[in-house]
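Structural characterization, general
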Amino acid sequence: MAAMKKVLLAAAVAALAAFVGHTYLRLKHIMLASRELPVKHLNCHYLQNIEYGAEDITILKDGLAFLSTGLKFLDLPSFSDEPGKMYVLDLLHPRPTPVELQIKGELDLSSFNPHGISVYTDETDDNIYVFVVNHPHEASQVEIFRFVAEDTLVHLKTITHPLLHSVNDIVAVGKESFYATNHFSFPNQALHFLTMVLAMPMCDVVYYSPSEVRVAAGGIMSGNGINISPDKRYIYVSDIIDHEVDVFERKKGEQLEYIKSVGVGSLCDNIEVDHRTGDLWLGCHPNSMKLSNFDPKDPPGSEILKIKDIHSEHPVVSMEYADNGQVLMASTVAAPYEGKLLIGTVFHKALYCDLK
């Protein structure tokens, strides 16, 4: 009996050691911990008034850009104790400058913590609705605003639901309807970590409307950015842990049918789509170990990728901008507009770049 216990103990120790070793290698792969990035700059300058990140940026066809700033998220660095803010930027202005949006309505601004955003224009009356993922007190909810005048958001509605337990980003498809990504497979982070280590893709995309809320697609390791094709036929999702962008086709009843995945070789965050070309622009983390273990002497870099012809048999993934963190730390989004590019970050600054 004693000999059997020793055998079982030795087996348990060996199994634990193997699991720890597997976990270490898996995390190193996920975080691209050994990756160093070459520098590739554009003609850029910092945007005024953006000092603590612009995690998400989206641009309307008329050149009006919306920015979410001041995100405090999980254990990522944050250098401001102030609540988050929303900004608007007119790219048609001779000197585009972000202007803080005034928020009116019954919303607790002291805990406002904006993350992913999306904008929907109602073609029947041209009203503009701004959807914002909000994490007050580490919660997960979606705020819907109406944009009025030049610098005001009127709060219309707060949406919460058990299926929307860890929302990262959204894409609006109606005045009160949207698709949303969950970055955790379970509300319990420990369970999600286990699925991540064991390579069990259990995150999902949720469809929300006032009449129904349900899972529209699954099989994702960790859902991050989400957006829609110019013809509204396809939905794109960044699976940040698998270093891929997943392509889904919208079907009857707002179900999503998986089409394919495109490898990007980086931990890509938000997705913006060029409304003219259909190209996807991705704000990425080239080495997330440097982001998690923030060291100002060896800061996290920034990488902007573009996917051209994503629906073809051979999509082209190209690096459009890269920095080692000396100019821009922890890029999350790249929003193109008529030869210009806005680049946002988790907690750092934002860039206005010329692509021509």
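- Per an unreviewed UniProt entry, the protein chain is named Paraoxonase, and its organism is Amphiprion ocellaris.
- Turning to the protein chain, the UniProt annotation filed under Sequence similarities (unreviewed entry) states: "Belongs to the paraoxonase family."

**Digging into the pairing of strand E9 (residues 141-148)**
- With 6 of 8 residues buried, E9 lies mostly within the body of the structure.
- The pairing of strand E8 (residues 128-134) with E9 spans 7 bridges and is antiparallel. From the neighbouring strand, valine 132 faces E9, where its bridge partner is glutamate 143.
- Remark: 6 residues form the turn of the hairpin made by E8 and E9, two consecutive strands paired antiparallel; histidine 137 in that turn has positive phi of roughly 55°.
- Of the pairings in the sheet, the one linking E9 to strand E10 (residues 152-159) comprises 7 bridges and is antiparallel in character. Across the sheet, residue valine 142 finds its bridge partner in E10, namely isoleucine 159.
- Counting the residues that bridge the hairpin from E9 to E10 gives 3 residues, and of these alanine 149 lies at a positive phi of roughly 55°.

**Regarding helix H2 (residues 189-197)**
- Where H2 is concerned, the buried positions are His192, Thr195, Met196 and Val197.
- Just downstream of H2 lies alanine 199, where phi reads positive at about 55°.

**Here's the deal with the UniProt feature "binding site: Ca(2+) 2" (unreviewed entry) in the protein chain**
- According to UniProt, the feature "binding site: Ca(2+) 2" (unreviewed entry) maps to Ile117 and Asp169 in the numbering used here. The greatest C-alpha distance among the annotated residues, which extend across 53 residues, is 6.4 Å, indicating that they converge on a single site.
- Position of isoleucine 117 relative to the elements: it lies in strand E7 (residues 114-121).
- Apart from residues lying up to four places away in sequence, isoleucine 117 is in contact with Asp56, Ile57, Thr58, Phe66, Leu67, Ser68, Met86, Phe131, Val132, Asp169 and Ile170.
- Setting aside chain neighbours within four positions, we find aspartate 169 in contact with Asp56, Gly116, Ile117, Val133, Tyr179, Ala180, Thr181, Asn224, Gly225, Ile226 and Asn270.

**Comments concerning the pattern of salt bridges**
- Counted under the stated rule, the structure contains 15 salt bridges.
- Close ionic contact of lysine 175 with aspartate 122 constitutes a salt bridge, the shortest N to O distance being 3.8 Å. Separated by 53 residues along the polypeptide, lysine 175 in the loop between strand E11 (167-172) and strand E12 (178-182) and aspartate 122 in the loop between E7 and E8 bring together distant segments of the chain.
- Residue class for lysine 175 comes out partly exposed when judged on its relative accessible area of 40%.
- Residues aspartate 279 and lysine 308 are paired through a salt bridge, measuring 3.8 Å at the closest nitrogen-oxygen approach. A residue pair is termed long-range when its members are at least 10 positions apart, and aspartate 279 in the loop between strand E19 (267-273) and strand E20 (280-285) and lysine 308 in strand E21 (residues 302-308) qualify at 29 residues.

**A short note on the sheet that holds strand E24 (residues 340-345)**
- Across the sheet, 4 strands lie side by side as E1-E25-E24-E23; this open sheet has antiparallel pairing. In the strand order of this sheet, the two ends are held by strand E1 (43-46) and strand E23 (331-337), each with one partner. The mean angle between the axes of side-by-side strands here comes to 20°, regardless of whether they run parallel or antiparallel.
- Bridge count for E23 against E24 is 6 bridges, and the pairing is antiparallel. Residue pairing across strands places tyrosine 337 opposite lysine 340, the latter belonging to E24.

How each quantity is defined
Residues numbered from 1 in each chain as written. Predicted model: local features only at pLDDT ≥ 70, side-chain atom pairs only at ≥ 80, totals over all residues. Heavy atoms only, no water. UniProt positions renumbered as here; feature names shortened; annotations may be inferred. Buried < 20%, exposed > 50% of the residue type's maximum accessible area, 1.4 Å probe, protein only. Helix = DSSP H or I, 4+ residues; strand = E, 2+ residues; numbered from the N terminus. Pairing = 2+ DSSP bridges. Contact = heavy atoms within 4.5 Å. Salt bridge = Lys/Arg side-chain N within 4 Å of Asp/Glu carboxyl O. Axes fitted to C-alpha atoms, helices over the stretch in contact; angles between N-to-C directions.

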